[in-house]
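Read off the chains here:
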Amino acid sequence: MSTQPTQLAALPYRHVLTLPAEPSAVRLARETAEQALVEWGVGLRHPTVDPALLILGELVTNSVRHAAVRSPQVTVIYAAGRDCLAFAVHDRHPYQPRLYASAGGTGAGGLGTVMELTLGLGGTAVVRADADGGGKSIWITLPL
């Protein structure tokens, strides 16, 4: 898996979940996020949580829909600190989407929704290629 952005290394809370690249992965990734957030003291009523769960769901859905043929598993990395929530969705498909090109898209769902919500919350998004170029992680960082 690729290296994560340096500032994320300082986040004290972290959890990694690897799931089969199947539709059920979306629900499991969201439920795991909710459980981790509660354990980390981030209330589920925090205004960032619902949009973050939607972003996570869209990213896992994209991996299941578009990468499953080459990536039988999807890995979700969750991290948080006092004022920051971050997560990544990793698959082993080499295609790297242009996230910021999706920001003005008119399509419902997908990366357009991810970028609209991320930017609306003052967050950032980045695609990081695996060292061997055979996969990627999409990292989302949101202020809490």
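**Section: the environment of Met115**
- Mapped onto the elements of the fold, Met115 is located in helix H4 (residues 110–120).
- Distance from Met115 to Ala125, taken between C-alpha atoms, is 7.5 Å for residues 10 residues apart in sequence.

**As for H4**
- Those residues of H4 that fall on the buried side of the exposure criterion are Gly110, Leu111, Gly112, Thr113, Val114, Met115 and Thr118.
- At the exit of H4 stands Gly122, carrying a positive phi of roughly 80°.

**Let's talk about the pairing of strand E3 (residues 84–91)**
- Burial runs high along E3: 8 of the 8 residues are buried.
- Of the two faces of E3, the one lined by Cys84, Ala86, Ala88 and His90 and the one lined by Leu85, Phe87, Val89 and Asp91 are each fully buried.
- Pairing between strand E2 (residues 73–81) and E3: 7 bridges, direction antiparallel. Residue pairing in the sheet places Gly81 in a bridge with Cys84 of E3.
- Joining the antiparallel neighbours E2 and E3 is a turn of 2 residues.
- Strand direction decides the pairing type here: E3 and strand E5 (residues 136–143), joined by 8 bridges, are antiparallel. Considered in E5, the bridge of Ala86 is made with Thr141.

Cut-offs and rules
Residues numbered from 1 in each chain as written. Predicted model: local features only at pLDDT ≥ 70, side-chain atom pairs only at ≥ 80, totals over all residues. Heavy atoms only, no water. Helix = DSSP H or I, 4+ residues; strand = E, 2+ residues; numbered from the N terminus. Buried < 20%, exposed > 50% of the residue type's maximum accessible area, 1.4 Å probe, protein only. Pairing = 2+ DSSP bridges.

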